[in-house]
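One letter stands for each residue in the lines below.
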Amino acid sequence: MEGLKRRRFADKTARWVITIGGSITIFVVIALFLFILSEVYPLFKGAKVLKENAYSVHGKVVSLGVDEYQEIAYTVYQDGNVEFISLPGGKVMKRYHIAGMTGPSATAQHNPDKNHGIFTLPSSLQGKKENTHEEIPQKFLGQNTITSVCKDNDRLVLGTSDGKILTAFITFSESFNSEKRIITPEILREETLQIDEKEQEIKHIVSESDDSTVTTVASTIDDRLLLKYTEERKTLFGTGEKTELKKNITDLLNQSQLNIPFESPGLRSNLIDPENRVGITSLALDSFMENLYVGTSFGEVFRINIRDKENPFVQEWIKVSDKAVTALGFVLGDISLIVGDYGGSVSVWMQVREEIPSSEVVLKKIHALKSHTAPVVAVVPSKRNKGFLTMASDGMIHLNHATSEQTLLNLHSKATPTALAFSPRGNGILVTDLDSNLFHWSISNPHPEVTLKTLFGRVWYEGYEKPEFVWQSTGGTDDFEPKLSLVPLIFGTIKGTVYSLVIAVPIGILAALYTSQFLHKRIKFIKPVIEIMAALPSVILGFLAGLWFAPFIEKVFPAVVIAPLCIILFIAIALFLWKFLPARLKGKYRYGVEALFLIPFIIGAVYISIHLNSISESILFRGDYREWLLNILGLHYDQRNALIVGFAMGFAVIPLIFTISEDSMSNVPGNLISASLALGATPWQTAVRVVLPTASPGIFSAIMISFGRAVGETMIVLMATGNTPIMDWSLFNGFRALSANIAVEIPEAPVGGTLYRVLFLAALLLFITTFMVNTAAEMIRQKMRKKYRKL
Amino acid sequence: MRGFFKSGNPYIWLTACALTITILMMGGLVALIMMNGLSVFWPHNIIKFALKDGSVVMGEMVKREPIPFKKDAYRTKLKIGNRDVYGLDFRWIENVDIEFREYPAHALTFERREWGNMYGFLKGIKQNDDVLPLTVENLISLLEENHSLVERIRYIEKSVIGDINFKMEKYRLALKRLTSEEPSPKVHKKIEFLHAKMENLEKTYREKEHVLAELYSGVMRKEIVVLLASDEEKIVPLFQVIRVYAPNEMGALSKLGFYTKKFWEFLSEEPREANTEGGIFPAIFGTVMMVFLMSIAVVPLGVLTAVYLKEYAGDTIIARIIRISVSNLAGIPSIVFGIFGLGFFIYLIGGGIDKLFFSETLPAPTFGTGGILWASLTLALLTVPVVVVATEEGLSAVPKSLREGSFALGATKFETIWKIVLPHATPGILTGIILAIARAAGEVAPLMLTGVVKLAPSLPIDSHFPYIHLERKFMHLGFHIYDVGFQSPNIEAAIPMVYTTTFVLLLIILVLNTTAIIIRNKLRKWYSAASL
């Protein structure tokens, strides 16, 4: 009795184990899908705030910054005081007073100016002219304040209310003490300079520098534009030879100086004040110190070429908005210009070469981003990617990405904001407001450049003349922007699949039809031989295609063109010979050996066409087929092209189509065929009208499975194409397929990075495609099995 | 004529043509690989051309082709070797430039460790500043002597110093672990003990290094002088020479013997010169071990699934879903399995194992990087459907009467399956394993992501505990083809080796598949006989 119980228990356990073991395949497929999906998902998640901290500061902050590790922030106050704040705690580590400021000493408390931030709006639009007069009492008291700021990496350039420019370097040095990182902030190399002799308030300032030159442009409260340029040439002995240039370039902006007629003079004259003065509302200078952009209260942007500092000239004048341009800035790389206006709209502009009429370079709007509801007052670019921050006067902060045109994060300061900073690694945002609050957000923004649109749509990249599909994941320079459009790769996959199926499907199905219906029983062993060929490793096919077939075809391309004609001719000859071959000779092999009989003829045809290669090249292609293709058809012939891939993949796919469709054709019940033949149909009619329709689901499933195989085939496309991600249906150039792209790029892709996840997305696409195709094929096969059971 | 077309005969010929083309394509492919792969090691005669411009070239004839648009003009591709002298391995010579040609009887082929083959005549051995004459026989005996020295160097470099490095690494890790523990007298003592041991090792290492240096200087001292075709003299260290032979003096039989020896070397030795010369043993070993590990993983999974489908499930929804997933697993592109293996096995599971058990070596990964285990598991997932389908067929072949007999005697279902059905289905399971192995042996794309390398420093099995190193990277025949054919610096010189490797791989796969198909056909016959 005990034994029986034990046996029954064993039986039950086994049933469970086998059931679970049997269903593992389901789990494997689901796990595959879910895992790949989980790797792709973060691409579309956007940015999020990891930590939010608020601290209080002592007064009105005009500039703000943070070190690379977000451990120490600095605040520059209106009165020239600088404080270094340790970030986790909010403690002030160090105080400092910038030389050249005549305000109260660093320790004294300063009454914050409640009325406006550093981001002053154009007075004419703000509707309070008295704005400027507020500064004057301070000036009378012998104090000056900082009125404008420009950050050029570590170099901080400050404009004051009395027309001075102060320069200071704020650096963070790293040192290690018993494996702990210590960061020390420092202020170095301060300079003071009177840029405006009239001692007017500096309203906007921009400055750029390199090893030997410094270019600074400032605009004053009375809308004068001043250019200052210093060049220091080091001689052998270390003493510098200094050239200095100071120039008032306000006149460039005047209408009378411009030879370009205004598009809408009416609008301008309506707003213009009696002196015909242009209200300068924002400035931007690129790091090449060549293009100075000036935004005006009329919504215009002037592009002033200052390459020759002696003779700057207005290169372009363009209306970018109906409202005043209140903020200008550059996306990383200093090529794309970010424009924010009084109405709150944010757009990105770039110099594009126009095709018609003059092929001149003009500014064009390439991206538009989510609008603010209040005037944009600040634009801060990321130092890591093409992202940037915009801030409106109501304290709303948007984290944008130029290329993907998405706004990833919305943040808000409490009161009117005064200064904004983006951490060097792009993972932290700091802002101060008039209520002396300092907000610090640690953010996670892993994949800002990816949206469905950048992956599958045309994107206008920097340096391109129009929106395009581009795949280019790595580049030479640091500010290179990865271009991750999957469209060229999908196109490549489709191209390779189509060409290989065009070659493989007819051959495979016809050969299967012949084998199942007409082939002599004695030579049916051909079938397993071809079946074995289905197991041929694709790396062998790829190697032969790339290193033997491609150079060979390149040499005998004209022969390839005439080969079909030769083959048809030789088949005709074979048919003729066969007809007149005495029946005695054929014996019992009267039918079903045509395929073997044809072998020498087809070899002969191929041999003859290769032999005729140079003759046909001179007749058909005027002696050089490459030139002929290029001149007559406009096609470029690559050695490793789609034709080669089509043939090589055909090798991989033909046995598959052949085996599956032959199986379904052989399984057509014999009584159907016998009935057809008995009714007087010829064998061919029976094959086409009875066998093919009955076996059609099997043939269909064969094509589907071959399609799946061709879509996912990696090694052949990797080895037999040039792997260039271009979009062109030409038979004679290469392509890059999704699968080969994964194989090429994933070893280089950092884990968890954007490229890594995009490659997983490519794998997901392949998975979904083949899943649908295979499921459909399998369902058809299951149905067919049932049908045959009935017949 | 119309009736002729109406009968459909021409169309039948058309379909026949499709089959003929298929047969020719497949046959041509195999013939091409065999022709190119098998001819590589045949000792070709050395031909010497005196050119019209007065220069002389010597080498092996590789191929000859007509020059288009010129009558009776052809050019010959000559492997001139001596890459260190000429910079190129090959040279095209047009027949109009040739003054006369000959096959010099004493011309020698020198196989070298570096710079490829050298063709020339032996002048003598260098002794101080003189050149003493030397016969080829003496040279060969000198070479043998030399080889035993080289073997010894190899042994010390690989085994002895490898051992020392292995132990050193072990102590270093132990030390690292100890220093992270709470300091106590016991720990301190242990640390000191380890330090002493490491010092000892260091001493033996230095001794061995000294021995090596001496051996090297001994080997490098002997130099031979070779006279090249252009009457230039070239001094070659004996150490560089692997083999010397005079192909023009060899008969067909000795050439065949030479060929066999070379082919065996190819299969049993390690690669040299960035894989373009030498053998492919590590690649064969890696492939075999990988498919072996894969078989261990795939057989239980595949057989369980097949048994469930055939014996338990019937025609339920679950069975249909399983069938769909099996056919999907068969259809999902291999690169998708590869990327799954990379993300799931390597970074997720491997990374986790590293954090738990190998934290002292971090950030250098142990299991968190590609290795033979992960590659095998990835391929196991890929080949499950092959095993399932073949096993199912094997199970179908078991006659119903056997099962019913077993039930009638009172056996439970499991007992029937375990003791009656499965033993009878073994040929089917075997077919499945063979087909899976054939598939895995030829698959490359997923391996590229999960642990295959162009040159593995050591095999996954060696004499160090735990003897089988599943975390190691490995070499693979298929990847070897891709890598040497497409990524080696000197592709033209490497192509013959790629053909030979391709031939070996093709042979393995054809043999495996043929065996599987033969077993399956036997099974089918048995099945149809049993069902009667």
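Residues numbered from 1 in each chain as written. Chains lettered and ligands numbered in written order. Predicted model: local features only at pLDDT ≥ 70, side-chain atom pairs only at ≥ 80, totals over all residues.

## Comments concerning the overall build of chain B
If you tally the helices and strands in chain B, you get 15 helices and 13 strands. The globule rule puts the C-alpha radius of gyration for 532 residues at 24 Å, and the 31 Å found for chain B is more than 25% above it. Taking all 532 residues of chain B together, 36% fall into the buried category. Pairs at least 24 apart in sequence give 69% of the contacts found in chain B among residues at least 6 apart. (Helix = DSSP H or I, 4+ residues; strand = E, 2+ residues; numbered from the N terminus. Rg over C-alpha atoms; globule rule 2.2 N^0.38 Å. Buried ≥ 20, exposed ≤ 12 C-beta atoms within 10 Å, placed from the backbone. Contact = placed C-beta atoms within 7 Å.)

## Quick look at the overall build of chain A
A tally of regular secondary structure across chain A gives 19 helices and 30 strands. Evaluated residue by residue, chain A yields a buried proportion of 46% over its 791 residues. Put simply, of all contacts in chain A between residues at least 6 apart along the chain, 61% involve residues at least 24 apart.

## Thoughts on the interface of chain B and chain A
Each partner contributes to the interface: chain B provides 81 residues, whereas chain A provides 78 residues. Looking at the side of chain B that touches chain A, its residues break down into 58 nonpolar, 19 polar and four charged. (Nonpolar A, V, L, I, M, F, W, Y, C, P; charged D, E, K, R; others polar.)

## A few points about the sheet that holds strand β27 (residues 428-433) of chain A
Residue and element names in this part refer to chain A. Sheet architecture is open: four strands sit in the order β1-β28-β27-β26, paired in antiparallel fashion. Every interior strand has two partners, whereas the edge strands, β1 (48-56) and β26 (417-422), have only one. If you compare each strand with its neighbour and ignore which way they point, the axes differ by 15 degrees on average. Pairing analysis gives five bridges linking β27 to strand β28 (residues 437-444), with the strands arranged antiparallel. Within β28, the position partnered with T432 by the bridge is L438. (Pairing = 2+ DSSP bridges. Axes fitted to C-alpha atoms, helices over the stretch in contact; angles between N-to-C directions.)

## Digging into the environment of T724 of chain A
Looking at where T724 of chain A falls in the secondary structure, it is placed in the loop between α17 (715-720) and α18 (738-745). Contacts of T724 of chain A, omitting those with residues within four sequence positions, involve G734 and R736 of chain A.

## Some points on the environment of I599 of chain A
Relative to the assigned elements, I599 of chain A resides in helix α11 (residues 594-611). The partly exposed category is assigned to I599 of chain A, around which 15 C-beta atoms lie within 10 Å. Placed 501 residues apart in sequence, I599 of chain A and I98 of chain A show a C-alpha to C-alpha distance of 93 Å. Setting aside residues up to four positions removed in sequence, I599 of chain A forms contacts with T20 and L24 of chain B.

## Brief notes about unusual backbone geometry
Among all residues except glycine, the phi angle is most often negative; among peptide bonds, the trans geometry is most common. All names here are of chain A. For N153, which is not glycine, the phi torsion reads 55 degrees and is therefore positive. Among the secondary structure elements, N153 is positioned in the loop between β6 (146-152) and β7 (155-160). Even without being a glycine, D334 presents a positive backbone phi close to 55 degrees. Along the chain, D334 turns up in the loop between β18 (325-330) and β19 (337-341).

## Description of the nonpolar core
Core analysis: the largest hydrophobic core is formed by 204 residues, its most contacted members being A648, I657, I716 and A763 of chain A together with I339 of chain B. Those residues in contact with I716 of chain A, other than ones at most four positions away along the chain, are S538, L541, G542, A545, V645, A648, M649 and A652 of chain A. Listed in part, the 96 residues of the second largest apolar core include I170, I280, V376 and V377 of chain A. (Core = buried A, V, L, I, M, F, W, Y, C linked by C-beta atoms within 7 Å.)

## Brief notes about the sheet that holds strand β22 (residues 376-381) of chain A
All names here are of chain A. Here four strands make up an open sheet; going across it, the order is β22-β23-β24-β25 and the pairing antiparallel. The outermost strands of the open sheet, each flanked by one partner alone, are β22 and β25 (406-412). Direction aside, neighbouring strands of the sheet carry axes that sit 20 degrees apart on average. Pairing of strand β23 (residues 387-392) with strand β24 (residues 396-401) involves five bridges; the strand directions are antiparallel. From the neighbouring strand, M391 faces β24, where its bridge partner is I397.

## Points about the confidence of the model for chain A
Residue and element names in this part refer to chain A. Of all residues in chain A, 89% attain a pLDDT of 70 or more, and the chain-wide mean is 83. Every residue in residues 104-118 is under pLDDT 50, and counting partners more than four places away or in other chains gives 29 contacts. Below a pLDDT of 50 lies the segment residues 259-275, which in the model reaches seven contacts outside its immediate sequence neighbourhood of four places, other chains included. (pLDDT = per-residue confidence, 0-100.)

## Brief notes about the confidence of the model for chain B
In this model, chain B carries a mean pLDDT of 85, and residues with pLDDT of at least 70 account for 97%. The ipTM, which scores confidence in the relative placement of chains, is 0.88 for this predicted complex, and the corresponding pTM is 0.88.

## Some points on the packing of helix α9 (residues 557-580) of chain A against helix α12 (residues 613-620) of chain A
When two helices pack together, their arrangement is given by the angle between the helix axes and the distance between those axes. Residue and element names in this part refer to chain A. Contact geometry of α9 with α12 gives a least axis separation of 8 Å together with a crossing angle of 90 degrees. By the angle between their axes, α9 is roughly perpendicular relative to α12. Contacts between α9 and α12 involve P558, A559, V561 and I562 on the former and, on the latter, N613, S616, E617 and L620. A per-class count over the contact of α9 with α12 returns five nonpolar, two polar and one charged. (Parallel < 35°, antiparallel > 145°, perpendicular 65-115°, else oblique.)

## A few points about the pairing of β18 of chain A
Residue and element names in this part refer to chain A. Summarising burial for β18: six of the six residues are buried, a large majority. Relative to β19, β18 runs antiparallel, the two sharing five bridges. Residue pairing for β19: G329 is matched across the bridge by I338. In sequence, β18 turns back onto β19 through a hairpin of six residues, with G333 there showing a positive phi of about 105 degrees.

## Topic: the packing of helix α7 (residues 281-313) of chain B against helix α10 (residues 372-396) of chain B
All names here are of chain B. Close contact between α7 and α10 brings their axes to 6 Å; oriented N to C, the two are set at 40 degrees. Relative to α10, α7 is oriented oblique. Along this stretch, α7 crosses α10, giving a crossing that reads as right-handed. Across the contact of α7 with α10, the residue classes tally to 22 nonpolar, six polar and two charged. (Left-handed = near helix turned anticlockwise from the far one by under 90°.)

## Structural notes on the environment of S173 of chain A
Residues and elements named next belong to chain A. On the secondary structure map, S173 appears in strand β8 (residues 164-177). For the pair S173 and D67, spaced 106 residues apart in sequence, the C-alpha separation works out to 9.3 Å. Residues in contact with S173, not counting those within four places in the same chain, are T184 and E186.

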